[in-house]
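A look at the structure
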Amino acid sequence: MQKTLAEIAKLVNGKLQGQYDENLIITGATGIDLAGPNEVTFAVDPHLEEAISCNAAAVIIQEDVEGFNKTSIKVKNPRAAFNILLNIFKPELKIEHKISDRAHLGNNVQIGKNVTIMDFAYIDDNAQIGDDVIIYPNVYIGQYAKVGNNTELHAGVSVREFCVVGKNVIIHDNTVIGADGFGFITRDGKHTKVPQVGNVIIEDDVEIGCNVSIDRATTSSTIIGKGTKMDNLIHIGHNCVLGENCLVVAQTGLAGSTIVGHNVTFAGQVGSKGHIKVGSNSVMAARTGLIADVPENSVYAGFPARSHQEWLRIKASEAHLPDMVKKLKLLERRLKALEEKKD
Amino acid sequence: MQKTLAEIAKLVNGKLQGQYDENLIITGATGIDLAGPNEVTFAVDPHLEEAISCNAAAVIIQEDVEGFNKTSIKVKNPRAAFNILLNIFKPELKIEHKISDRAHLGNNVQIGKNVTIMDFAYIDDNAQIGDDVIIYPNVYIGQYAKVGNNTELHAGVSVREFCVVGKNVIIHDNTVIGADGFGFITRDGKHTKVPQVGNVIIEDDVEIGCNVSIDRATTSSTIIGKGTKMDNLIHIGHNCVLGENCLVVAQTGLAGSTIVGHNVTFAGQVGSKGHIKVGSNSVMAARTGLIADVPENSVYAGFPARSHQEWLRIKASEAHLPDMVKKLKLLERRLKALEEKKD
Amino acid sequence: MQKTLAEIAKLVNGKLQGQYDENLIITGATGIDLAGPNEVTFAVDPHLEEAISCNAAAVIIQEDVEGFNKTSIKVKNPRAAFNILLNIFKPELKIEHKISDRAHLGNNVQIGKNVTIMDFAYIDDNAQIGDDVIIYPNVYIGQYAKVGNNTELHAGVSVREFCVVGKNVIIHDNTVIGADGFGFITRDGKHTKVPQVGNVIIEDDVEIGCNVSIDRATTSSTIIGKGTKMDNLIHIGHNCVLGENCLVVAQTGLAGSTIVGHNVTFAGQVGSKGHIKVGSNSVMAARTGLIADVPENSVYAGFPARSHQEWLRIKASEAHLPDMVKKLKLLERRLKALEEKKD
């Protein structure tokens, strides 16, 4: 793939500035430190300075940046513009749209048009695969599971029996959708399994990282809402329901029946006690430990979770603690002395 | 599968109450909000109110509930009764008991009766597989490993060389039993591998979630005791020994040589320093960070771990910290003023 | 494998002490409690006492230990000596060096000499595999990926497209190298994927545990430096760079663009905010939560991270908090009384 510099500017709806040759051939878009004389990059604060001396043919910058002493393309949103170019220049993988005869297709499997199923993938009985789906090697699709159109399942993914994956979903390697929830009845110290007869529903436009575990519901469904994006190594317990367009960062764990609104962000390594509700548009800072409901539009942090501001104040005070212990003792002594004099 | 309402009541050893037709056909058992007119559900506090207006044919409730204004089946233990019904109505998967000729069977592999080995599973040389075992696709069983009767290994599980998995064990997708423990000798800043020549022993009746990592011992064995149940994304370091009937909730990590008694609960995201002992019948609250031994029958929380009660008191006080810093300063000033007047 | 006791002493460059038969046949090296009369073990404080009464033929101990009342082999470094013996006695697995015709080799794949590729491994188009590489079943090697000489990839590992794995690397089961980094542009609440067009570079002599996720860079490379050793269930975000000979313990998560020097230790369950720098030779105690740069040679702990010593002081003071709240109130009252008397 190659474009002229002028074409690039047009593609991102930007204005070329400084010295340039409109017809210069551009072969890629990459980071500031990597970009060569036939590539473009982008820069925002605090990387503008660094970008001036880089080797790129041009730097995509915000339209209101002044005094940028190098060829640039000024745009409204440099990140979005750069994203357009990444999509244009990204190395295309050649994927043959065929169903390998070294994959396993069970009885009564339904498969859409233009589907790729690579060697050693296993589609179990009565599963349904939509159009334009790409299934990498060593994927397991359980009995009666459904995978929607244009979805991509990377190597080693499991979608267990009866689970439903929507359209335009990407699931990265070795993630497991629909293993049994952690449910037991304990009597006399022995734990008896509660059958997990529900499923998992992954709605459209979801992306899930690798080595993630989303458990099937005891009854009914564990749900990941439309457009929600999940990072790596996340645990979602049985019967959790996540709303639309949430962001769940790596190593977060939500215990069973956590109910989450829309546009909620869980930064990394967050945990939640089960059976609580997290309101829409809330942000849980990294490592927040939730033990109670969170209202809408909250920014929470700490364990147990509280408002982020309050948490910051407490954390700032913590440093004084050892001193406070000493001071308190001293004060007590001085006060006692005073009281004794008084008498 | 279908039963009459009277049969259902008998199966759970319960008494039908309110208005009902003994011969009504029941086709399933599910959650309160899902249950239709030919299904049963169960309810305990605080869900009783909600259950009165649900669509279920009958609600299984505790025998001492009064004034429940809907058809019910009264029993001693509603959860246990519901569990019986889940087992009866759970959708049965059809699994053909055969060894696929697209699986790999190494040299000198021993395989019991009535075993299922699906395509793309790999049973390495000298492994032993018991009777009635189900091995899903893409499972790897290492050299000289043993899998006991009636055990179920889901897709992508690894049981590495020389490891032993007992009877009636369930291991969910992509869990790894017996990868090398994390052991190195460091000299001049370089880390040299310590061979991990021990194994892992998973005793009978254990269930392990998905994406779990249980490392093999340096020498001797890492052991998961009989009846212990483990959730997802758990790390168990080399030479850990867990007793019987423990519960280990998601994302817990036990460093090497953690020795755990019986009936211990690790709630989610717990961590332990290695080479410590956790006494039987203890409970580690979520996120507990253990750095020293825990006596039997303890309830611990926090990091570093302490008694749960003490932790609660500390956490309650934390909110006062910012105020305390100010107050202390003020007190000091007032005291000083007093002292100066005094002179 | 068997050696005489005299041969063992020579192998570890040690001196036999106490009563012994030089020609005694030694068949193994194992732990104190396991070692039988034809095996050797090692002991350091506080295990010396225990070792005196063990069944081993001889105990490897430090040369300066006095009064050890049992046959021993005195050496400079007992651990290192024992490691030599573990390597000698470790059970050898028989691995046939051949490329299975039940593996998938894509178009234009290059494969070195003496390579093992087991059934159901999938080497995608244009991948390069070096000499003496061992690839276990169900491994996926993406398009244009490279694997260096003498590297071992265990079952279920994914090395995604364009990623590079060096020489003498060991990657344990179900680890994923090079899945997409977690990058989105959010507009009007909707998240649009930022293509992740970089790769991952794993340098020589690295070892990585199981179920680890190392994400590919947005542009350029996520890098794991030469000789670094990683445990299980670790998350490394896109564009992280780890230096040489680091130790990363289980369940640690480094957010995107964390830049780490050489010889850094991350104890278990550490987390880092992205875009920070951790200086060489630093140690992050277990569960440290990094939110800012760490200078070289630091020992940090806590969340937010601070010097380990300061953290210890704060944690010691915490226990006093509930009392301090009370004391402060009391002091206030006493002071007020005094002030009032004064007037």
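The rules behind each value
- Residues numbered from 1 in each chain as written.
- Chains lettered and ligands numbered in written order.
- Predicted model: local features only at pLDDT ≥ 70, side-chain atom pairs only at ≥ 80, totals over all residues.
- Heavy atoms only, no water.
- UniProt positions renumbered as here; feature names shortened; annotations may be inferred.
- Helix = DSSP H or I, 4+ residues; strand = E, 2+ residues; numbered from the N terminus.
- Rg over C-alpha atoms; globule rule 2.2 N^0.38 Å.
- Contact = heavy atoms within 4.5 Å.
- Areas by Shrake-Rupley, 256 points an atom, 1.4 Å probe, with all protein chains shown as cover.
- Lys, Arg positive; Asp, Glu negative; His and termini not counted.
- Charge placed at Lys NZ, Arg CZ, Asp CG, Glu CD.
- Pairing = 2+ DSSP bridges.
- Buried area = accessible area lost by both parts, 1.4 Å probe.
- Salt bridge = Lys/Arg side-chain N within 4 Å of Asp/Glu carboxyl O.
- Polar contact = N/O pair within 3.5 Å; in protein donor to acceptor, adjacent residues only side chain to side chain.
- Least-squares fit on C-alpha atoms with pLDDT ≥ 70 in both.
- Buried < 20%, exposed > 50% of the residue type's maximum accessible area, 1.4 Å probe, protein only.
- Expected span 1.5 Å × (residues − 1).
- Disulfide = S-S within 2.5 Å.
- Domains from an automatic or database assignment.
- Phe/Tyr/Trp six-rings, centres within 6.5 Å; stacked < 30°, edge-to-face > 60°.

Looking at an unreviewed UniProt entry, chain A carries the name UDP-3-O-acylglucosamine N-acyltransferase, with the source organism given as Megamonas hypermegale. Under the heading Catalytic activity (unreviewed entry), UniProt records this for chain A: "a UDP-3-O-[(3R)-3-hydroxyacyl]-alpha-D-glucosamine + a (3R)-hydroxyacyl-[ACP] = a UDP-2-N,3-O-bis[(3R)-3-hydroxyacyl]-alpha-D-glucosamine + holo-[ACP] + H(+)". What the UniProt record of chain A gives under Sequence similarities (unreviewed entry) is the line "Belongs to the transferase hexapeptide repeat family. LpxD subfamily."

1. Describing the overall build of chain A
The helix and strand tally for chain A stands at 5 helices and 39 strands. Relative to a compact globule of 343 residues, whose C-alpha radius of gyration would be 20 Å, chain A shows 27 Å and is clearly more extended. With the C-alpha coordinates of chain A rotated into their principal frame, the extents come out at 95 × 70 × 30 Å. Sequence separation of 24 or more characterises 17% of the internal contacts of chain A that already satisfy a separation of 6 or more. In the form shown here, chain A has an accessible surface area of approximately 13900 Å², with 47% of it arising from carbon and sulfur atoms. Charge centroids of chain A, computed over 35 positive and 40 negative side chains, lie 8 Å from each other.

2. Describing the pairing of strand 22 (residues 190-193) of chain C
Pairing between strand 21 (residues 184-187) of chain C and strand 22 of chain C: 4 bridges, direction antiparallel. The partner of C:Thr186 across the bridge, within strand 22 of chain C, is C:His191.

3. Section: the sheet that holds strand 4 (residues 28-29) of chain C
Residues and elements named next belong to chain C. Judged by pairing direction, the sheet is mixed, and its 5 strands sit side by side in the order 2-7-6-5-4 without closing on themselves. With partners counted over all chains shown, the strands left at the sheet margins are strand 2 (15-17) and strand 4, one partner each. Looking at chain direction, strand 4 and strand 5 (residues 39-42) are connected through 2 bridges and run parallel. Each residue of the ladder has a partner; that of Gly 28, found in strand 5, is Glu 39.

4. Quick notes on the interface of chain C and chain B
Counting residues at the interface gives 66 residues for chain C and 72 residues for chain B. Approximately 5400 Å² of surface area, both sides summed, lies buried where chain C meets chain B, with 62% of it carried by carbon and sulfur atoms. Our enumeration of links across chain C and chain B arrives at 4 salt bridges. In this structure, the salt-bridge partner of C:Glu318 is B:Arg306, at a minimum N-O distance of 3.8 Å. At the boundary of chain C and chain B, one finds 30 residue pairs in polar contact (both at pLDDT 80 or more).

5. Brief notes about the relation of the copies chain C and chain B
Mapping between the two chain copies consists of a rotation about an axis together with a translation along that axis. For the match of chain C to chain B, the screw axis carries a shift of 0.1 Å, the RMSD comes to 0.1 Å, and the turn is 120°. Taken together, the rotation angle and the small translation identify this as a three-fold axis.

6. Some words on the interface of chain A and chain C
With 65 residues of chain A in contact, the opposing surface of chain C contributes 72 residues. Roughly 5400 Å² is buried in total at the junction of chain A and chain C, and carbon and sulfur atoms are behind 62% of that figure. For the pair chain A and chain C, the interface holds 4 salt bridges. Between A:Glu339 and C:Arg334 there is a salt bridge, with the nearest N and O atoms lying 2.8 Å from each other. Counting every contact that joins chain A to chain C gives 30 residue pairs in polar contact (both at pLDDT 80 or more). Where the side of chain A that touches chain C is concerned, the elements lending two or more residues are helix 3 (78-89), strand 27 (229-230), strand 30 (247-248), helix 4 (308-318) and helix 5 (321-342) of chain A. No other element matches helix 5 of chain A, which puts 12 residues into the side of chain A that touches chain C.

7. Let's talk about the environment of B:Val264
Residues and elements named next belong to chain B. Along the chain, Val 264 falls in the loop between strand 32 (259-260) and strand 33 (265-266). Here Val 264 falls in the buried class, since its relative accessible area comes to 0%. With 183 residues separating them in the primary sequence, Val 264 and Ala 81 have C-alpha atoms 26 Å apart. Excluding residues within four positions of it along the chain, Val 264 makes contact with Asn 245, Cys 246, Leu 247, Val 278, Gly 279, Ser 280, Asn 281 and Ser 282.

8. A few points about the sheet that holds strand 5 (residues 39-42) of chain B
Strand order across the open sheet formed by 5 strands is 2-7-6-5-4 (chain B), with mixed pairing between neighbours. The sheet is open, and its two edges are formed by strand 2 (15-17) and strand 4 (28-29) of chain B, each paired on a single side.

9. Observations concerning the UniProt feature "active site" (unreviewed entry) in chain A
Residues and elements named next belong to chain A. Here the UniProt-annotated "active site" (unreviewed entry) positions come out as His 238. Taking relative accessible area as the criterion, His 238 reaches 16% and is therefore assigned buried. Here Thr 218 takes part through its side chain, which lies 3.1 Å from a polar atom of the side chain of His 238.

10. Remarks on the side chain of B:Asn232
Structurally, B:Asn232 can be placed in the loop between strand 27 (229-230) and strand 28 (235-236). Its relative accessible area of 1% is what places B:Asn232 among the buried residues. Polar contacts involving the side chain of B:Asn232 include one to the main-chain amide nitrogen of B:Cys210, which spans 2.8 Å. What B:Asn232 contacts, discounting residues up to four positions off in sequence, is A:Ser213, A:Asp215, A:His235, B:Gly209, B:Cys210, B:Val212, B:Ala250 and B:Gln251.

11. Description of the pattern of salt bridges
All told, the structure shown has 34 salt bridges over all chains when counted by the stated rule. The salt bridge involving C:Lys193 is made with C:Asp180; its shortest N-O contact spans 2.8 Å. One end of the pair, C:Lys193, is in strand 22; the other, C:Asp180, is in the loop between strand 20 (176-177) and strand 21, with 13 residues separating them in the sequence. The exposure class assigned to C:Lys193 is partly exposed, which follows from its relative accessible area of 24%. Overall, C:Asp180 belongs to the buried group, its relative accessible area being 14%. Here the salt bridges do not stand alone but share partners, grouping A:Asp173, A:Glu207, C:Arg160, C:Glu161, C:Asp180, C:Lys193 and C:Arg216 into one network.

12. Some thoughts on helix 3 of chain A
Residues and elements named next belong to chain A. Counted at 1.5 Å a residue, the expected span for helix 3 with its 12 residues is 16 Å, and the 16 Å between its end C-alpha atoms agrees. All of the buried residues in helix 3 are Pro 78, Ala 80, Ala 81, Phe 82, Asn 83, Leu 85, Leu 86 and Phe 89. Two to three positions downstream of the cap, the backbone nitrogen of Arg 79 sits 3.2 Å from a side-chain oxygen, assigning the N-cap of helix 3 to Asn 77.

13. Description of the state of the cysteines
All chains considered together, the criterion is met by 0 disulfides over all chains. No disulfide involves A:Cys246; its nearest neighbouring cysteine sulfur is the one of A:Cys240, lying 11 Å away. Relative accessible area serves as the criterion here: at 0%, A:Cys246 is assigned to the buried category. A:Cys210 supplies the cysteine sulfur nearest to C:Cys163, a cysteine that is in no disulfide, at a spacing of 11 Å.

14. Overview of the side chain of B:Asp215
Along the chain, B:Asp215 falls in strand 25 (residues 213-215). Look at B:Asp215: it is buried, it has no salt bridge, and the nearest opposite charge is B:Arg160 at 7.9 Å. Among the polar contacts listed, one links the side chain of B:Asp215 to the side chain of C:Asn232, at a separation of 2.9 Å.

15. Structural notes on unusual backbone geometry
Cis geometry marks the peptide bond from B:Phe303 to B:Pro304; its omega dihedral reads -5°. Along the chain, C:Asp45 connects to C:Pro46 via a cis peptide bond; the corresponding omega equals 0°. Even without being a glycine, B:Asn239 presents a positive backbone phi close to 70°. Within the secondary structure layout, B:Asn239 lies in the loop between strand 28 and strand 29 (241-242). Using a relative accessible area of 17% as the deciding quantity, one classes B:Asn239 as buried. Phi is positive for C:His275, which is not a glycine, with a value near 60°.

16. Quick look at the domain arrangement of chain A
How big an interface is tends to be expressed through the accessible area that disappears when the partners come together. Parsing chain A into structural domains produces domain 1 (3-89), domain 2 (104-300) and domain 3 (309-342). One C-alpha centre belongs to domain 2 of chain A, the other to domain 3 of chain A; they are set 50 Å apart.

17. Some remarks on the packing of aromatic side chains
In total, this model carries 22 aromatic pairs over all chains according to the counting rule given. Ring centres of A:Phe182 and A:Phe184 lie 5.1 Å apart, and the angle between their planes is 75°; this geometry places the pair in the edge-to-face category. Measuring from centroid to centroid gives 5.4 Å for A:Phe303 and B:Trp311, while their planes differ by 35°, and the two rings are tilted. Placement of A:Phe303 in the loop between strand 38 (299-301) and strand 39 (306-307) and of B:Trp311 in helix 4 (residues 308-318) is noted, with the two residues assigned to different chains.

18. Some remarks on the environment of C:Ser221
All names here are of chain C. Relative to the assigned elements, Ser 221 resides in strand 26 (residues 221-224). For Ser 221, a relative accessible area of 17% gives the class buried. Apart from residues no more than four positions distant in its own chain, Ser 221 is found in contact with Asn 199, Ile 201, Asn 239, Cys 240 and Val 241. Here the side chain of Ser 221 touches Asn 199 through a polar contact of 2.5 Å, side chain to side chain.

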